[in-house]
Amino acid sequence: MQTAKKKSEILMELAKRRGIFWPSYEIYGGVKGLLTLGNVGFEIKRRLENLWIKYFVYSRNFQIIESPVIGPRPVYVASGHETQFTDKALKCGKCGSIFRADHLLNEIGINIPEGASLEYIDDLIESKLVKCPNCGEKLSKSFQWLLMFKTEIGVGDLGYLRPETAQGIFTEFKRLYVHGRSSLPLGVAQVGRVFRNEISPRQGPIRLREFTIMEVEFFFDPDTNTGPSDERYLEETIPLLTAEDQEKGITESRKVKVREAIERNVFSNNWIPFFLVLTKGFLEALWIPDGAYRFREKLPNERAHYAKQLFDCEVFLESWGWTEVAGFAYRTDYDLSGHMRVSGEDMSVFISSTNKKVVPHVVEPSFGAERLLYALLEYGLRIDEDGRTYLSIPPYLSPFDVSVFPLLSKPEFIAKAKEVVAYLDNFKVNFDDSGSIGRRYARADEIGIPFAVTIDHQTFSDDTVTLRFRDTKEQKRISISSLPAELSRLLSPSKPIV
RNA sequence: GCGGCGUUCGUCUAGUCUGGUUAGGACACCAGCCUUCCAAGCUGGGGAUCCCGGGUUCAAAUCCCGGACGCCGCACCA
């Protein structure tokens, strides 16, 4: 635990020092929950997003779109966020403690209905003589804490910054369905910034007020689209912690075969386990080790308002324990039906095989990019015996493809190195000619650059260079002309397992 | 929001209790020399309104008050 603490501190220090990420607006004192990604962090995150797109969009032949960050109020009335994505809170006038109204009333055996008004709560507090549990004083009138950021569109029209990218897909469903050749199932993805006005964000890069979500809205007809036709996912094993297990007091996940879990009716539909298996392969491609992640079913009281069933993908982080990096929600037809009701547009589609109109159901895999970035870095961070710190992250996620160094900082070496840089113009190259060669390797290792090409004396006689590997420090000789092919091979990402 | 602790060059930190010279160091960085492979060496250099605001004092990094931010606990976490 002592060394574990140390590791996360080293990582945070490295992140600031080398330009991965740091708290935003520091010259104005900083703002909680806002993060700036530096030159190195930007590239790693962008490559992480690209890998996600490869796994969750291209490999499935899904659509990907980009919708506005700002939405007019009715969108978030229809989605239920305006009333549900909110906490009704009570403040003690004396000691200043804040309580969630529903929790406080629950403790004295009163269940308040969903969406109860503030007046209703105030009446209950008044009539039941509920006092502050901390100091016993009178509680103030209840107030609403909305987790969405409010804004104004034009003059006077209330809008919200999106708390998820999903509504930008649901609202466009009719057109997206046509673009998808009017057939189900239909997957539409989006990667983008979302905003949540947390009361008190903590945990550095883990809990942010503005962050990046990568999500798929997968639309299907529950009667006819019962699961993927390619059944390879059924044979895969995943670390699973079900709600049923948790209710029995079990806290450890179990490795279960998907086919067997389905037979035990663990999942409300087969698309959820399919996405869990796809995610397993994605985490492996991030080099998150086996045993460091699990899929935990959320208990009914932990679920978002729109979810009938919800699994979290949790990664174990040294500083924060099991941390949610992705959620898999069965949203049913909740969202499309909500938009039908509020907008008056018909969101149902015709299924020819059953000759019926249905409002499609939705399964939503949703990933937090910054949390995955942090997990990637934490599991990549290595500190060896002589104190060398380096990031052992997958080559295809590193901030540069390759370094090119002159062995000596002499003009002829530098000139030759620059020739090689120019030759490798299909790669993102880190060129560095300052300090000793060892120092340059160390600097490159620290931000996870997987390979280094060094121009040495022999280069001048036979046009070969050394190719050094970050994780092993080993080197091999290779001709300059075969570098592009060799690097391409080394940098190619792993493929989805299903 | 509450309570406790903290915030000093890019980074880590000494100094704060006990107010008093140019706020010291390490690493990093820059220039030059040296150097045929893993944070080497030599010389030189730049770099800190001591988180912000106010107060006490002849004098504040240091003491007091308020705020911001961070960590820990409480609460919260769609």
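Reading guide: rules and limits
Residues numbered from 1 in each chain as written. Chains lettered and ligands numbered in written order. Predicted model: local features only at pLDDT ≥ 70, side-chain atom pairs only at ≥ 80, totals over all residues. Helix = DSSP H or I, 4+ residues; strand = E, 2+ residues; numbered from the N terminus. Buried ≥ 20, exposed ≤ 12 C-beta atoms within 10 Å, placed from the backbone. Contact = placed C-beta atoms within 7 Å. Axes fitted to C-alpha atoms, helices over the stretch in contact; angles between N-to-C directions. Parallel < 35°, antiparallel > 145°, perpendicular 65-115°, else oblique. Left-handed = near helix turned anticlockwise from the far one by under 90°. Nonpolar A, V, L, I, M, F, W, Y, C, P; charged D, E, K, R; others polar. Near = placed C-beta within 6 Å. Pairing = 2+ DSSP bridges. Right-handed = clockwise from strand over helix to strand, strands pointing away.

Novice: Sorry, what's going on with the overall build of chain A here?
Specialist: Counting its regular elements, chain A contains 17 helices and 26 strands. Taking all 498 residues of chain A together, the buried fraction comes to 38%.

Novice: How should I be thinking about the environment of Ser 479 in this particular structure?
Specialist: Relative to the elements of secondary structure, Ser 479 occurs in strand 26 (residues 475–479). For Ser 479, a count of 12 C-beta atoms within 10 Å translates into the label exposed. Considered as a pair, Ser 479 and Asp 462 are 17 residues apart in the sequence and their alpha carbons are 8.0 Å apart. Those residues in contact with Ser 479, other than ones at most four positions away along the chain, are Asp 463 and Thr 464.

Novice: Please explain the packing of helix 2 (residues 39–56) against helix 13 (residues 369–380) as it appears in this structure.
Specialist: Contact geometry of helix 2 with helix 13 gives a least axis separation of 10 Å together with a crossing angle of 110°. It follows that helix 2 is roughly perpendicular to helix 13 by the angle criterion. Crossing of helix 2 over helix 13 shows right-handed handedness. Where helix 2 abuts helix 13, its residues Ile 44, Lys 45, Leu 48 and Glu 49 lie against Ala 369, Leu 372, Leu 373 and Leu 376. Of the residues belonging to the contact of helix 2 with helix 13, the class tally is six nonpolar, no polar and two charged.

Novice: Is there a simple way to think about the environment of Leu 51 in this case?
Specialist: Looking at where Leu 51 falls in the secondary structure, it is placed in helix 2. Accessibility expressed as a C-beta count within 10 Å gives 19 for Leu 51, which makes it partly exposed. Distance from Leu 51 to Leu 286, taken between C-alpha atoms, is 9.1 Å for residues 235 residues apart in sequence. Here Leu 51 is in contact with Ala 285, Tyr 396, Leu 397 and Pro 493, once residues within four sequence places are set aside.

Novice: When you look at the protein's contact with RNA strand B in this model, what are you seeing that I'm missing?
Specialist: Near RNA strand B lie 52 residues; those nearest to it are Gly 29, Gly 30, Ala 304, Gly 438 and Thr 466. Looking at the surface near RNA strand B, the elements with two or more residues in it are helix 1 (2–18), strand 6 (98–100), helix 15 (437–446) and strand 25 (464–469). Tallying contributions element by element places helix 15 first for the surface near RNA strand B, with seven residues. Residue composition of the surface near RNA strand B, grouped by class: 14 nonpolar, 20 polar and 18 charged.

Novice: I keep staring at the pairing of strand 22 (residues 402–406) and nothing clicks. Help me out?
Specialist: Successive residues of a regular strand alternate their side chains across the two faces of the sheet. Buried residues dominate strand 22, accounting for five of its five residues. Burial of strand 22 is two-sided: the residues Val 402, Val 404 and Pro 406 facing one way and the residues Ser 403 and Phe 405 facing the other way are all buried. In this sheet, strand 23 (residues 429–431) lies alongside strand 22 in parallel orientation, the contact comprising three bridges. Counted as the bridge partner of Ser 403 is Asn 430 from strand 23. In this fold, the crossover linking strand 22 to strand 23 by way of helix 14 (residues 411–423) has right-handed handedness.

Novice: Would you mind showing me how to read the pairing of strand 10 (residues 186–195) here?
Specialist: Where burial is concerned, most of strand 10 is hidden: seven out of the ten residues are buried. Pairing analysis gives two bridges linking strand 3 (residues 63–64) to strand 10, with the strands arranged parallel. When the sheet's bridge partners are listed, Gln 63 is paired in strand 10 with Val 188. Of the pairings in the sheet, the one linking strand 10 to strand 11 (residues 210–220) comprises ten bridges and is antiparallel in character. Counted as the bridge partner of Leu 186 is Phe 219 from strand 11.

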